[in-house]
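# Fold and geometry: a report
The chain contents come next:
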Amino acid sequence: MLLPTTFGCFVSPMHPIGEDPRSLIEYELELVQLADRLGFDEFWVGEHHSSGWTLIGSPEVFLAAAAQVTRRIKLATGVVSLPYHNPFMVAERARLLEYLTNGRFILGVGAGSYVGDMYMLGIDASETRRRTAESTEVIVELLSGGRITRKSDWFALYEAQLQLGPLDRAGIEVVVSSAASPFGMELAGRLGVNALSHAAPPWGIVRPGRDRLGFERLAEQWRRLEDAAEGSGTLPDRENWRLTIPVHVSDSREQALEEIYDGWVRHRQEFRIGTQGLPMSRAAEASRKAFDATVEAGGIVAGTADECVEQISQLAKTCGGFGCLLISIQNWAPREAQQRSLELFARFVVPRLRGRLDPLHASQAWTVGNKTVFQEAHFAAQSRAMQGVAAGESDHR
């Protein structure tokens, strides 16, 4: 079973309306610095333009700022909503960020998720997947050094080519986001790029006793990618498959769930129901049942470090294995608890999943298994030393 060995944070970011937007954006910069200090491998930031809860309209601008205050963590767009942009401009900004981050940039792309954003831009939601496929094709070719002439009903390019070449042979990693449908996985497989899947079910919509996490759906998603890749001549690697899911670590499972519950309910009540208009009950009892059902379904990984390792291992086992876990940060917990969760994850969950503790456990087991031999050798050496002391004292007299 392939367990994840790469870890990161996936941030929309989501914030209830009330706090100064400037301080919220500054907090996100503090969060990426914390992730960098703790040794996380990646930090993903999304693009949204409406709802009031999501403040970053240009993840590229944010990541350019983040690059100046971090040292080693990779910075990724999570994701650029391709139907909103000319594909040439997306590729141009990606190449510039490759330089600004000294090769630490990952281009995450997708179709967009907020219908309000699409409405403001005059984009038919039913057209977003087609646009995403057309745009991704162009971007991959441009980043590979191609010169493109192509005309669509929403963009036109004439002998378009990027001025800046890649920093090294690896170039920019392109990752396609995939949610419920197989579209993203099939696109990634067909173009020979990597994929990111959202592992959690819709929060607050899970039906108690009926819905499970959807690992079977994830396994099917990977099969879709493999099938699509057969025709492209590429060989997909699960090491490059990213899954994102909320994770909260605390001193006990009960405390972990308590720390995120109020924020989860507020997110459900004010954003899912109040802002997005989802047809769900506002009653406190309904929220409690929905939360419990989401936890039961595995939509939230929560508990002690050991319990989180077990849940992540089960996720890997059931979906067939994956290489990178991205913690979906929804800002449900108070900041102190959120930051402590990230610290506990980095200190106690990551080493377990990477196998870094295995040699230490093996050494301890070897020592325990041989302790009788070691004790006998110690006592024998001690006895010989005492005999030597006694003989010396006798000679002295």
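Residues numbered from 1 in each chain as written. Predicted model: local features only at pLDDT ≥ 70, side-chain atom pairs only at ≥ 80, totals over all residues. Heavy atoms only, no water.

## Here's the deal with the overall build of the protein
Spelled out, the test is: Secondary structure elements are taken from DSSP: a helix is a run of H or I of four residues or more, a strand is a run of E of two residues or more, and numbering for both begins at the N terminus. For every residue, the accessible area (1.4 Å probe, protein chains only) is compared with the maximum for its type, and the residue is labelled buried under 20%, exposed over 50%, or partly exposed between those bounds. Between two residues, a contact is recorded if the distance between any of their heavy atoms is within 4.5 Å.
A count of helices and strands for the protein gives 13 helices and 13 strands. Dimensions of the protein along its principal axes, counting C-alpha atoms only, are 110 × 55 × 45 Å. Each of the 397 residues in the protein was classed as buried or not, and the buried ones make up 48%. Pairs at least 24 apart in sequence give 75% of the contacts found in the protein among residues at least 6 apart.

## Considering helix α11 (residues 335–354)
Threshold: Expected helix span is computed as 1.5 Å times (number of residues minus one). What the bend at a residue measures is the angle between two axes, fitted to the seven residues ending there and to the seven starting there.
Taking 1.5 Å per residue as the helical rise, α11 with its 20 residues ought to reach 28 Å, and the 27 Å between its terminal C-alpha atoms agrees with that figure. F345 marks the point of greatest bend in α11, at about 40 degrees. Within the sequence span of α11, burial applies to A337, Q338, S341, L342, L344, F345, A346, V349, V350, P351 and L353. Those residues of α11 that are buried lie in contact with β1 (6–11), α1 (21–38), β11 (247–249), α8 (253–273), α10 (305–319) and β13 (324–329). Just downstream of α11 lies G355, where phi reads positive at about 80 degrees.

## Observations regarding the pattern of salt bridges
Here is the rule we go by: A carboxyl oxygen of Asp or Glu within 4 Å of a side-chain nitrogen of Lys or Arg is what we treat as a salt bridge.
Taken as a whole and judged by the stated rule, the model has 22 salt bridges. The closest approach of N and O atoms between E343 and R347, which form a salt bridge, is 3.5 Å. Of this pair, E343 and R347 both sit in helix α11, separated by four residues, roughly a single helical turn. For E343, a relative accessible area of 33% puts it in the partly exposed group. Here R347 falls in the partly exposed class, since its relative accessible area comes to 48%. One network of salt bridges, with partners in common, ties together E127, R130, E134 and D153.

## As for the nonpolar core
Taken as a class, soluble globular proteins show a tendency for nonpolar side chains to be buried jointly. In plain terms, the rule: To qualify as a nonpolar core, a set must consist of buried Ala, Val, Leu, Ile, Met, Phe, Trp, Tyr and Cys residues joined through side-chain atoms within 4.5 Å.
Counting residues in hydrophobic clusters, the biggest one holds 77 residues, and the most contacted among them are F40, F43, L107 and F345. When neighbours within four sequence positions are excluded, L107 is seen to be in contact with T77, V80, V90, A94, I139, L143, I172, E173, V174 and V175. One finds W264, V265, I300 and W332 within the second-largest nonpolar core, a separate group that totals 14 residues.

## As for the confidence of the model for the protein
What counts, and what does not: A score between 0 and 100, pLDDT records how confident the predictor is in each residue.
Averaged over all residues, the pLDDT of the protein is 93; the fraction at 70 or higher stands at 94%. Throughout residues 208–213 the model reports pLDDT below 50, and contacts reaching past four residues in sequence, or to other chains, amount to 15 contacts.

## Focus on the side chain of Q330
Stated precisely, the cut-off is as follows: What qualifies as a polar contact is a pair of N or O atoms within 3.5 Å, subject to a donor-acceptor requirement within protein and to the restriction that residues adjacent in sequence count only when both atoms come from side chains.
By the secondary structure assignment, Q330 is in the loop between β13 and α11. Engagement of the side chain of Q330 in a polar contact is seen with the side chain of S328, the distance being 2.8 Å.

## Focus on a nonpolar patch on the surface
Where we set the bar: A patch consists of residues whose relative accessible area exceeds 30% and which take part in no salt bridge; residues with like charges are grouped when within 9 Å of each other, and nonpolar side chains (Val, Leu, Ile, Met, Phe, Trp, Tyr) when within 5 Å. Accessible areas in this description were obtained via Shrake-Rupley with a 1.4 Å probe; residue shielding takes into account the shown protein chains only.
Residues L96, Y99, L100, L164 and L167 make up a contiguous nonpolar surface patch of about 410 Å² in total accessible area. Looking at L96, the relative accessible area reads 44%, which means it is partly exposed.

## What about the state of the cysteines?
The criterion, for reference: To count as a disulfide, a pair of cysteine sulfur atoms needs to be within 2.5 Å.
By the definition in use, this model includes zero disulfides. Left without a disulfide partner, C319 is nearest to the cysteine sulfur of C324, which lies 13 Å away.

## Quick notes on the packing of aromatic side chains
Just so we agree on the cut-off: Between rings of Phe, Tyr and Trp, where Trp is taken as its six-membered ring, a pair exists when centres lie within 6.5 Å; planes separated by under 30 degrees are stacked, by over 60 edge-to-face, and by other angles tilted. To sit over a ring, a charge needs its Lys NZ or Arg CZ within 6 Å of the ring centre and within 35 degrees of the ring normal.
Tallying each qualifying case throughout the model produces 10 aromatic pairs. Cluster of aromatic residues (ring-pair linked, three or more members): F7, F40 and F345. The lysine or arginine in question, R288, covers the ring of Y261, its NZ or CZ lying 4.0 Å from the ring centre.

## With respect to the side chain of S197
Within the secondary structure, S197 is located in strand β9 (residues 194–198). The buried category is assigned to S197, whose relative accessible area is 0%. A distance of 3.0 Å separates a polar atom in the side chain of S197 from a polar atom in the side chain of W241. Non-local contacts of S197, meaning those with residues more than four positions away in its chain, are made with S178, M185, L218, Q221, W241, R242, L243 and T244.

## Side note on the packing of helix α5 (residues 128–143) against helix α6 (residues 183–191)
Threshold: Note on definitions: angles span 0 to 180 degrees between N-to-C directions of axes, and those axes are lines fitted to C-alpha atoms, for helices only across the stretch in contact. Throughout, the term roughly parallel applies to angles under 35 degrees, roughly antiparallel to angles over 145, roughly perpendicular to angles from 65 to 115, and oblique to all others. Left-handed describes a crossing whose near helix is turned anticlockwise from the far helix through less than a right angle; right-handed describes the clockwise counterpart. Under the grouping applied here, Gly and all other residues not named as nonpolar or charged are polar, the nonpolar ones being Ala, Val, Leu, Ile, Met, Phe, Trp, Tyr, Cys and Pro and the charged ones Asp, Glu, Lys and Arg.
Two elements in contact, α5 and α6, have axes whose closest approach is 11 Å; the angle formed by their N-to-C orientations is 20 degrees. With respect to each other, α5 and α6 are oriented roughly parallel. The two elements α5 and α6 cross, and the hand of that crossing is right-handed. Packed against α5, whose contacting residues are R129, T132, A133, T136 and E137, the element α6 presents F183, L187, R190 and L191 at the interface. When grouped by side-chain class, the residues that make up the contact of α5 with α6 number four nonpolar, two polar and three charged.

## A few points about the environment of E220
Note on placement: E220 falls in helix α7 (residues 215–230). Under the relative-accessibility criterion, E220 is labelled partly exposed at 32%. Residues E220 and V138, 82 residues apart in the sequence, show an inter-C-alpha distance of 27 Å.

## Notes on the packing of helix α3 (residues 87–100) against α5
Viewed as axis vectors pointing N to C, α3 and α5 meet at an angle of 40 degrees, and their least axial separation amounts to 9 Å. Looking at the two axes, α3 sits oblique to α5. Pair α3 / α5 crosses with right-handed handedness. Here P87, F88, V90, A91 and R95 of α3 lie close against α5, whose contacting residues are S135, V138, I139, L142 and L143. Per-class residue counts for the contact of α3 with α5 are eight nonpolar, one polar and one charged.

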